[in-house]
Amino acid sequence: MQPRVTAILVARNGAKHLERTLKALSLQTRKPDIVITVDCGSSDATAKMLADFGPTQFIAADADLNFGQAITAAVRVTTPPTHDRELLWLLAQDSAPDPTALEVLVDALEIAPSVAVAGPKVMEWIAGEYIHNFGESMTPFGATVTLVESELDQGQHDGLSDVLAVSAGGMLVRHQVWEQLGGFDPALPTVDDSLDFCVRVRLAGYRVSVVPAARVASAGDGVAGPNQSSRGRLRRRRVRAERSAQLHRRLVYAPAGVLALHWLTLLPLAFIRSIGQLLRKEPGAIVGEFSAAFGAAFNGLRVSSARRMFTKTRTLGWDAISTLRVPSAEVRRRQSLKREASLFGLHGERAEIRFFSGGGAWTMLAAASLGIVMMVPLLGANTLIGGGLLPLSPSLPELWASVGYGWRDLGLGFVGAADPFAAVLAVLGSIAFWSPSFAFVLVYALAFPLAAVGAWMAATRLTDRGSLRALAAALWVLAPSFLAALADGRPAAILVHLLLPWLFFTWFAAARTWSSSASAALLFAAVVACAPSLAPALLVAWLLSVAIAGRRVMRFIGIPLPALALALPLIADQGLRGTWLNLVADPGLPVPSDHAPTLQLLLGLPGGSGWAGVLDRFGVPGLDPQLIVPILLAPIALLALLALLLPGARLAGGAWLVALLGFATALAANQLVLAAIGAEPVRVWSGAGLSLYWLGLVGALLIGLRALRRFAPAPGVVAALALAVVVLPLLGSLHLGTAAVREGTGRTQPAFVAAEAQIDDRVGTLHLVPQADGGLLATIERGVGATLNQQSTRGSTDQTLSAREKALAELAGNLASRSGLDTSADLAEFGIRFIVLQPAGADVLAGDTQLRTETALDGNAALAPVGDTEFGRLWQFGETDAAGGVSAPARAGGVFGLVTLLIAVAVVGSAVLLSLPIGAGREAVRQANRDAIRRAARANAKPKPKRTRRGKSMVGSDLDADREPPLGTDLEADLAMDRETGVGTGLESSTEDTVEDDHAR
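Here the structure is a predicted model, which is why all the values come from computation and not from measurement. (Residues numbered from 1 in each chain as written. Predicted model: local features only at pLDDT ≥ 70, side-chain atom pairs only at ≥ 80, totals over all residues. Heavy atoms only, no water.)

### Quick word on a nonpolar patch on the surface
In step 1: Together, Trp263, Leu264, Leu267, Phe294 and Phe298 make up an exposed nonpolar region whose accessible area comes to about 540 Å².
In step 2: Looking at the element boundaries, leucine 264 is found in helix 8 (residues 259-264). (Patch = residues over 30% accessible without salt bridge, like charges linked within 9 Å, V, L, I, M, F, W, Y side chains within 5 Å. Areas by Shrake-Rupley, 256 points an atom, 1.4 Å probe, with all protein chains shown as cover. Salt bridge = Lys/Arg side-chain N within 4 Å of Asp/Glu carboxyl O. Helix = DSSP H or I, 4+ residues; strand = E, 2+ residues; numbered from the N terminus.)

### Points about helix 21 (residues 535-548)
In step 1: For helix 21, which comprises 14 residues, the first-to-last C-alpha distance of 20 Å matches the rise-based estimate of 20 Å (1.5 Å per residue) to within 8%.
In step 2: Restricting attention to buried positions, one finds in helix 21 the residues Ala535, Ala537, Leu538, Trp542 and Ser545. One side of helix 21 carries all its buried residues, which in axial view fall inside an arc of 165°. In helix 21, the exposed positions that point more than 90 degrees away from the buried face belong to Leu543, Ala547 and Ile548.
In step 3: Along its buried surface, helix 21 packs onto helix 19 (491-508), helix 20 (514-530), helix 22 (554-557), helix 27 (649-671) and helix 28 (687-708).
In step 4: Taken from the residues just after helix 21, glycine 550 is the one with a positive phi, measuring 65°. (Expected span 1.5 Å × (residues − 1). Buried < 20%, exposed > 50% of the residue type's maximum accessible area, 1.4 Å probe, protein only. Arc of directions from axis to C-beta. Contact = heavy atoms within 4.5 Å.)

### A short note on the confidence of the model for the protein chain
In step 1: Per-chain confidence: the protein chain averages 86 in pLDDT, with 88% of residues scoring 70 or above.
In step 2: For the stretch residues 946-1001, pLDDT sits under 50, and the model shows 110 contacts to residues farther than four places along the chain or on other chains. (pLDDT = per-residue confidence, 0-100.)

### Remarks on empty space enclosed by the protein
In step 1: This model, assessed by the stated rule, comprises eight cavities of 30 Å³ or more.
In step 2: There is about 200 Å³ of room inside the largest cavity.
In step 3: What lines the largest cavity is a set of 19 residues, and nearest its centre among them are Arg490, Ala492, Ala493, Asp586 and Pro587.
In step 4: Breaking the lining of the largest cavity down by element, the ones donating at least two residues are helix 19 and strand 17 (680-683). (1 Å grid on protein atoms, 1.4 Å probe; cavity = no way out; pocket = protein on both sides within 12 Å on 5 of 7 lines; lining within 4 Å. Points joined across faces, edges and corners; volume = space filled by probe spheres on them.)

### A few points about the pattern of salt bridges
In step 1: In this structure the tally under the stated criterion is 26 salt bridges.
In step 2: Linking arginine 273 and glutamate 289 is a salt bridge whose minimum nitrogen-to-oxygen distance equals 2.7 Å. On the criterion of sequence distance, the pair formed by arginine 273 in helix 9 (residues 266-279) and glutamate 289 in helix 10 (residues 285-297) is long-range, its members being 16 residues apart.
In step 3: The shortest N-O distance in the salt bridge between aspartate 868 and arginine 873 comes to 3.1 Å.
In step 4: Residue class for arginine 873 comes out partly exposed when judged on its relative accessible area of 22%.
In step 5: Residues participating in the shared-partner salt-bridge network are Asp98, Lys121, Asp153, Asp158 and Arg215.

### Side note on a positive patch on the surface
In step 1: A cluster of like positive charges, contributed by Arg233, Arg236, Arg237 and Arg240, occupies part of the molecular surface.
In step 2: For arginine 237, the position within the fold is in helix 7 (residues 232-253).
In step 3: When its relative accessible area of 42% is taken as the criterion, arginine 237 is described as partly exposed. (Lys, Arg positive; Asp, Glu negative; His and termini not counted. Charge placed at Lys NZ, Arg CZ, Asp CG, Glu CD.)

### Quick word on the side chain of histidine 767
In step 1: When you line up the elements, histidine 767 lands in strand 19 (residues 764-770).
In step 2: Within the local environment of histidine 767, its side chain forms a polar contact with the side chain of glutamine 749, the two groups lying 2.7 Å apart. (Polar contact = N/O pair within 3.5 Å; in protein donor to acceptor, adjacent residues only side chain to side chain.)

### Details of the sheet that holds strand 19
In step 1: In space, the five strands of this open sheet follow the order 20-19-21-23-22, with mixed pairing throughout. The sheet is open, and its two edges are formed by strand 20 (776-782) and strand 22 (863-869), each paired on a single side. When the angles between neighbouring strand axes are averaged without regard to direction, this sheet yields 25°.
In step 2: Together, strand 19, strand 20, strand 21 (832-837) and strand 22 form the strand contacts of helix 34 (residues 803-815), whose direction differs from that of strand 20 by roughly 115°. (Pairing = 2+ DSSP bridges. Axes fitted to C-alpha atoms, helices over the stretch in contact; angles between N-to-C directions.)

### Here we look at helix 28
In step 1: Helix length check: helix 28, at 22 residues, gives a terminal C-alpha distance of 31 Å against a target of 32 Å (1.5 Å per residue), a fit within 8%.
In step 2: Counting buried positions along helix 28 gives 20 out of 22 residues, so the element sits mostly inside the fold.
In step 3: Where helix 28 terminates, the next one or two residues include arginine 709, which has phi positive at roughly 55°.

### A word on the pairing of strand 1 (residues 4-11)
In step 1: In terms of burial, strand 1 is largely enclosed, as seven of its eight residues are buried.
In step 2: Across seven bridges, the pairing between strand 1 and strand 4 (residues 86-92) is parallel. Bridge pairing links arginine 4 to glutamate 86 in strand 4.
In step 3: Relative to strand 2 (residues 34-40), strand 1 runs parallel, the two sharing six bridges. Paired with valine 10 across the bridge in strand 2 is valine 38.
In step 4: One crossover worth recording links strand 1 to the parallel strand 2 by way of helix 1 (residues 15-26), and it is right-handed. (Right-handed = clockwise from strand over helix to strand, strands pointing away.)

### A look at the environment of leucine 370
In step 1: Its place among the elements puts leucine 370 in helix 13 (residues 360-374).
In step 2: In the structure, leucine 370 is positioned 361 residues away from leucine 731 in sequence and 9.4 Å away in space, judged by C-alpha atoms.

### Examining the packing of helix 17 (residues 466-477) against helix 28
In step 1: Where helix 17 meets helix 28, the closest approach of the two axes is 10 Å, and the angle between their N-to-C directions is 155°. On the basis of their axis angle, the class for helix 17 and helix 28 is roughly antiparallel. As for how helix 17 packs across helix 28, the hand of that crossing is right-handed. Counting all contacts with helix 17, which are made through Leu468, Leu471, Ala472, Leu475 and Trp476, the residues of helix 28 involved are Ser691, Trp694, Leu695, Val698, Leu701, Leu702, Leu705 and Arg706.
In step 2: Taken together, the residues of the contact of helix 17 with helix 28 sort by class into eleven nonpolar, one polar and one charged. (Parallel < 35°, antiparallel > 145°, perpendicular 65-115°, else oblique. Left-handed = near helix turned anticlockwise from the far one by under 90°. Nonpolar A, V, L, I, M, F, W, Y, C, P; charged D, E, K, R; others polar.)

### Examining the pairing of strand 19
In step 1: Counting buried positions over the seven residues of strand 19 gives seven, a clear majority of the element.
In step 2: Residues Gly764, Leu766, Leu768 and Pro770 of strand 19 are buried on one face, and the alternating residues Thr765, His767 and Val769, pointing to the opposite face, are buried as well.
In step 3: Bridging between strand 19 and strand 20 involves seven bridges; their strand directions are antiparallel. Opposite glycine 764, over in strand 20, you have arginine 782 as the bridge partner.
In step 4: Connecting the antiparallel pair strand 19 and strand 20 is a turn made up of five residues, with glycine 774 showing a positive phi of about 95°.
In step 5: One ladder, built from five bridges, connects strand 19 with strand 21; its direction is parallel. Residue histidine 767 lies in a different strand from strand 21, and its bridge partner there is valine 836.

### Section: the nonpolar core
In step 1: The biggest cluster of nonpolar side chains holds 123 residues, and the ones touching the most others in it are Tyr444, Phe448, Phe482, Leu486 and Leu503.
In step 2: With 14 residues, helix 16 (residues 438-459) is the largest single contributor of residues to this core.
In step 3: If we ignore the near neighbours within four places in the chain, the residues touching leucine 486 are Met375, Tyr444, Ala447, Phe448, Ile494 and Val741.
In step 4: In this structure, Met123, Ala168, Met171 and Val201 belong to the second largest nonpolar core, which totals 52 residues. (Core = buried A, V, L, I, M, F, W, Y, C linked by side-chain atoms within 4.5 Å.)

Right, here's the structure in full:
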């Protein structure tokens, strides 16, 4: 009896591919005996095309049936099979068979009665010489493995025959076997339906074979099998469906004794695999991971039904297919080979950084040499003090305990939020774990080379010329705001200047790679933690990036999240008090600064150039720095403005936008007074905004010089030399003695107090500081003294006085007056053991206050004078016992502190995992290979460029390497090809860029 073939064609909104499939079906050398077409609720011309084809049966389903349901509906209208030579040929709208495909498949089943399922070689739709997939299998743990995919077909796999499974599109199956096994599992609508069916075929005692001579083209529409588009939403849906199918099969195939164990591990495995998804740069798969786990855990009816069917039809043990499984080692080897192939294909499209060959190493060495010369007075220091510098907590547990919401041991102490800057200090102190305070010595020692390397790397995003990159590094190292921060001892501002180039470097590539996006998010958080005043400007830049990101918007959406997670306790703390503006206060130890004229800020100088003091010191008359400095800085301004008139003006406009945002930040900060030190107001320092302003100026200047080509060196050198002259006093501030920073002893308390603190770490010291207005500033320090990581803007910006603070002020007033009042009880209540009267400055009123206070303290019978120390005159209150100190409350943070800490750890930890360049996952490599195939097909479809009489191509012959390619050229052709093929463009794919980024790192 001759075989009888029933072809079942399933379509759903597939008009753009259906025409080719119907034509291929009509051209078969061996015609199907019956053709049944199923339209699954299409809204386009699919139904009309199927009806016009003239099938034996046409089924129009109102519902959106999946492939298995559509096949089941078609089989119902057929007559039951009476012998094993009745065959079903399963096709989808994008399954276009070669003319001989059915004939070869039928012959394969005819000569091998034990074969129940035969599958063709599935080829790419638009690149017919490439294999889409050819045979499927599983790992020992049940993960799906495609034996051959995304390879050029050179007959290298034509010897393959027996396999574990074949894909659904183009499958030829015996009708009796289909009925016996009940068809596809309803719980597997798109993914692994054919794999599961073929496994059951194998375990029922039949064979599954591939037929290399039978070829079927597939576009990956998502009807038979998952949609293979590289678009983010469809890709995430495919990954979720694959994981759901794997978990369902695991529960179905598992022995009854371990079924409960598999069920209990679903959610823990989802959490562990989510970490792996972050490492593989696939954060979009995390939601699908948990969705699949919950779906498998609470889908017991489908699992039990599938287990009953599996047990009913199974006649062989798992050993029967053990040789057809792919070992895990082989899977890893194949993945490694595919990754290397992807990297090799993308290597030629990536611009090289060339750090060593391009002069980056020499630039770093030159900056290091300059830094050594400038930092000679600090060589050999173990700690630094002065300005805003203080020691850090001596141990890492204490350092990290100051992060988050809890007890702030500052002054009288309070429960509140730490600044996000405390987290930055904790990370920085952990680098010098043996002595956390030594971290700032390292920062000062490496400040110049670190700034140079950061600027050099940021310049790689704008130019490939090593000389211009070196110039950018020089201008960034000599930035006045950076040198002023080093001289004034402003650690947060120093870190901002070091981090801003790296933020630009990663932000520039955030649209292409998840690794760069996560790195930008971490750097964004660090910059905002060090300079909250920059948050509005950076948020404006972020909103603009989101607006123009297009399909890559998800990589920008999450950039502010780590910063928000770190600042959440402080936002809540300040918000509840209604002091929202205090959120932009500078973190760390408050440092006073004068109001700067607008012209000075326009020149990038937060506190003057220092030339006036130098000229006065050396007695040089007739020179006015206010006239000379603008003239010397004019070349930088002119070159930056010139960039707006030269090629690359659009990019220069972006750089100028950054500069304007930075300048606006500096102007606003210059007007804000949010804290005070006694009678002295503390402004938000404008230097952080000027660093952003300088970043934009240097970027615009670099773009302008890039357009000048061979004429660029001369004006660039002139601008750098002029800037060096301007900042020369700032460069030599340590040598001239004008810098506030100096070598420290590691203590902020007198040695006598520090020795007592070794016995009682809660011993209190009352510091009295005479003020210029005649007042007296009274503060309490516990133990060895104040540390930088314990400083809090929550405390420094609070201008209200609590009842306890008023009591302390009254105590200080009584101590400073010869009233005869006994203050012993008050000293004991506050746990004060020592009193330090710091020396007054040159102010007359402060001097009078100091003299009066010293006389009163000497006359106080309860106090014993110790003597003069490096911190001032010291007295001891001898009646306070060690237990009299104020103890820190336990678990002061409460539930709020724990919740906010967990949020910060989860968000920041996810960003860290996502930023690690440890390689792309299986899905990323698969998509990279398929996208490369599509690009090759598009390239072959485009017309070749015309040739001039000189034999050179007219396309790209005169393009500068630094110039951006014109829009609307190849993109339109790519979109046209994608509309024809139904796949995403390279602009929508993220996987190839992930692989590229990992290779670049």
